[in-house]
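Given next are the chains, with one letter for each unit.
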Amino acid sequence: MHIKEELAERHVLTLTVDNEAGTLARIAGMFTSRGYNIDSLTVADISEDHTTSRITIVTKGPPPVIDQIIAQCERLVPVHKVTDLTEAGPHVERELALVKVQGSGDQRVEAMRLADIYRARVIDATVSSFIFEITGGPDKIDTFVTLMREVGLVEVGRTGIVGLMRGSEAS
Amino acid sequence: MNIIEQDNKVPEKSGAEILIDCLVEQGVDTVFGYPGGAVLPIYDALFQQKKIKHVLVRHEAGAAHAAEGYARSTGKPGVVLVTSGPGATNAVTGIADAFLDSIPMIVLTGQVATTLIGTDAFQEADTVGITRHCSKHNYLVKDPADLAATVREAFMIATKGRPGPVVIDIPKNVQVATARTDIKSNVPNRFHAAGEADYVAINKAVDLLANAKAPIFYTGGGIINSGPHASAALRELAELCGAPVTSTLMGLGAYPASGDAWLGMLGMHGTYEANMAMNQCDVMFCLGARFDDRVTGRLDAFSPDSYKIHIDIDRSSINKTIRVDLPIIADVGTAIRQMIDVWKGRKYKPQPLTEWWARIKGWRAVECLNYPASTDEIMPQFAIERLFAATKDKAPIITTEVGQHQMWAAQHFHFDAPNKWLTSGGLGTMGYGLPAAIGAQMGHPDALVIDIAGEASIQMNIQEMGTATQYRLPVKVFILNNEWMGMVRQWQELTYESRYSESYSDSLPDFVALAEAYGWKGIRCEKPEELDAAIAEMLAYDGPVMFDCRVSKKANCFPMIPSGAAHTEMILNSDEVSGTMDDEAKALV
Ligand SMILES: Cc1ncc(C[n+]2csc(CCOP(=O)(O)OP(=O)(O)O)c2C)c(N)n1
Ligand SMILES: [Mg+2]
């Protein structure tokens, strides 16, 4: 007998939650304890009075599992609202990455040229290295990082995705 | 305006005193607990009051299960009080048990002082971390000023919606420090429970019920949790439409076993008629049940042709394992009442359902609960039958441990009322029955409370005999002693060609002598012809009794849907057992 894997879809969920101790652990832990995937998770305080945070989770699973994930999130006491951006329709997703490359000569010039094309900004430079700052959808960042591997990539830091619905409505 | 003025007049109280006040405010009369360093301030506050009775258990697992028994039998939340570290970890099994079986419970745990948290202090454990995913919610309270609001919200969360355990971890310095007592909790109500069902869905459900040719009610623990009104509504609806009723292990008693429409329990050790009817029905009403794997058997073969309506208060129970056609998120008792109103409003008449009942009659004729009779040894099923016959007029509360005896009790003891059957269904916790019986007896001092036990399970919390002695609780423990972890042995016979790996209950205590050592009465019975008299002796005794009922060592529990099989593939008796299974089946629990 072998363990079977199921076909998975990528979904971006946003959660409005109480900004209190343990909320993040409760949500992240629920994903692990029920065997759900987390591809990325971001969290930050978003309300004026610091009582509410917004969490964006990128997860993968077959549609019934995604449905369960949403229901299980809603079941947690500090979770007020869950929106499946992928289901809800047009939305934007953005991520920020810091990318360090090192090299000299042609390699260095090529890194700079590519950064320019991808609208990455230089935020630190030495004679032998750059740190680029880039924002965009996850695909754009993936491609940029792949290109940087060719020209002396040292390390990458990524924030994970935040997302909002397009249009005037709140998600 | 006059806040400043008041400031000096408002008395302050310690966290421990505030806690006790809040428990009293919530109507708590009984707390099951065990003291220790990190809860001494609370124990001191308990000592100085008279409204709450504390029941001193012998192990914190006992406290949690006793609180479950109290809650399940009274409908009120059970309250547990334990110390930090080992006190809290010992209670975890009971918390997880209450979580899976949706039992309202408040667990108060002591914690080291806030200044020591994270330093690996003496008896420090991350209680909030450990219980996070086996409780409905949990808190670490860092200021006595937050206690009142926390306790109020905790009781609301534990009891509203789908009930469950809530843990409140209280550091020792928070119990000692003082706060103003006039703090009104203006907790924004952030917890919303489903109530009434949407009438569009209810109308549709009633339509389907009125036109079904082969309807069935598949009911669960949700009906018990919804309250006695839900059981009453279920009975009325079943009467109105004439459809058959089956129930999960957790829902027994919601519909009376003596009712005409009763098919018996469904699932792995359910009746042939219940499982066949589930498989063949055209419209299924799942009321407060959750398509547990013990109920469904093989998912792709589960009731393949039926239209499924699922009423549940917890949206995450919908479509979790079985896709349903009409989900209704509501309090199940309210929703059934709404269905009755619609049915009556439209003046529907019950259909004869003649063909459906004729088929059910055919399945009933299999008499799946029959077992080989014996005159020289006590068959365990016979023992339950005799116990039922001797007690049925006394409206007993029955608790169980986990194993074959639990399933035989579910099959052969018949329940006519809710809140009379307390068993660990979801977690399947051996050692649940005795403390649960103690909790139930605390809630119902005059009731006959019997733990139907196995000789292996009873040893898991046998120390609670001392608790029953101390509080003069006349609980009866009726052990079906087969000298085996019978359920494990049964699976080994079915799956592993009878290789009995560690399933024999060796070195058993002399249960009669043990009973006497605890100040209980001990009775042993080995002969079928002496059983009735021995049971009568147990019932006549005004105090706790441990009854060592020596039963057949070889009996297995049938009917049975083997793991990975469909409802239609029931094994009716031991002759049909093959002795081995493929890996797919072995891998299923
Ligand atoms: C705490 C715990 N450990 C292990 C199990 C696995 N288990 C299920 S039934 C059983 C045997 C129970 O034996 P006994 O109490 O004698 O009951 P019987 O099946 O013989 O009636 C075991 C070990 C369990 N359910 N709970
Ligand atoms: Mg046994």
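Residues numbered from 1 in each chain as written. Chains lettered and ligands numbered in written order. Predicted model: local features only at pLDDT ≥ 70, side-chain atom pairs only at ≥ 80, totals over all residues. Heavy atoms only, no water.

Per an unreviewed UniProt entry, the recorded name for chain A is Acetolactate synthase small subunit, and the organism is Sphingorhabdus profundilacus. Per UniProt, chain A has the following entry under Subunit (unreviewed entry): "Dimer of large and small chains." As recorded by UniProt, the Function (unreviewed entry) comment attached to chain A reads in full: "Catalyzes the conversion of 2 pyruvate molecules into acetolactate in the first common step of the biosynthetic pathway of the branched-amino acids such as leucine, isoleucine, and valine." (UniProt positions renumbered as here; feature names shortened; annotations may be inferred.)

Asks: Even after reading the chapter, I still don't get helix 12 (residues 272-280) of chain B, so can you show me in this structure?
Replies: Each α-helix winds once per 3.6 residues, and so residues spaced three or four apart point in a common direction. Residues and elements named next belong to chain B. Among the 9 residues that make up helix 12, 8 are buried, leaving the element largely enclosed by the rest of the structure. When helix 12 is considered as a whole, its buried residues turn out to be Tyr272, Glu273, Ala274, Asn275, Met276, Ala277, Met278 and Asn279. For helix 12, the secondary structure elements touched by its buried residues are strand 9 (215-219), strand 10 (245-247), strand 11 (262-265), strand 12 (283-287) and helix 15 (354-364). (Buried < 20%, exposed > 50% of the residue type's maximum accessible area, 1.4 Å probe, protein only. Helix = DSSP H or I, 4+ residues; strand = E, 2+ residues; numbered from the N terminus. Contact = heavy atoms within 4.5 Å.)

Asks: What is the right way to read unusual backbone geometry from this model?
Replies: With glycine set apart, most residues show a phi of negative sign, and most peptide bonds adopt trans. All names here are of chain B. Here the residue pair Phe558 and Pro559 is connected by a cis peptide bond, since its omega of -5 degrees sits within 30 degrees of zero. By the secondary structure assignment, Pro559 is in the loop between strand 20 (545-550) and helix 23 (583-587). Positive phi outside glycine occurs at Gln123, with the angle close to 55 degrees. By secondary structure assignment, the location of Gln123 is in the loop between strand 5 (105-111) and helix 6 (127-131). The phi dihedral of Ser498 is positive, around 60 degrees, even though this residue is not glycine.

Asks: Could you clarify how one ought to interpret the domain arrangement of chain A in this entry?
Replies: As a measure of interface size, the accessible area lost when the parts come together is often cited. All names here are of chain A. Per the domain assignment, the segments of chain A are domain 1 (9-88) and domain 2 (91-164). Computed from C-alpha atoms alone, the centre-to-centre distance between domain 1 and domain 2 is 28 Å. Taken together, the contacts link 10 residues of domain 1 with 9 residues of domain 2. Across the interface of domain 1 and domain 2, roughly 680 Å² is buried in total on both sides, 59% from carbon and sulfur atoms. At the surface where domain 1 touches domain 2, the tally comes to 1 salt bridge. Residue Glu93 pairs with Arg10 through a salt bridge whose shortest N-O separation is 2.8 Å. Linking domain 1 with domain 2 are 4 residue pairs in polar contact (both at pLDDT 80 or more), by the criterion used here. (Domains from an automatic or database assignment. Buried area = accessible area lost by both parts, 1.4 Å probe. Salt bridge = Lys/Arg side-chain N within 4 Å of Asp/Glu carboxyl O. Polar contact = N/O pair within 3.5 Å; in protein donor to acceptor, adjacent residues only side chain to side chain.)

Asks: For this particular structure, what's the right way to read the UniProt feature "domain: ACT" (unreviewed entry) in chain A?
Replies: Sites flagged by UniProt as "domain: ACT" (unreviewed entry) map to residues 12-87 of chain A. Strand forms 38% of residues 12-87 of chain A and helix 36%; the C-alpha atoms that close the span are 9 Å apart.

Asks: Can you help me understand the site of ligand 1 in this one?
Replies: All names here are of chain B. Near ligand 1 lie 17 residues; those nearest to it are Gln404, Gly428, Ser457, Trp484 and Gly486. In the environment of ligand 1, a nitrogen atom lies 2.8 Å from a nitrogen or oxygen atom belonging to the backbone of Gly428. Ala456 is positioned such that a nitrogen or oxygen atom in its backbone is 3.1 Å from an oxygen atom of ligand 1. Within the complex, the protein chains bury 77% of what would otherwise be the 580 Å² of accessible surface of ligand 1. For the shell around ligand 1, the element with the highest residue contribution is helix 20 (residues 486-495), accounting for 3 residues. (Near = heavy atom within 4 Å. Areas by Shrake-Rupley, 256 points an atom, 1.4 Å probe, with all protein chains shown as cover.)

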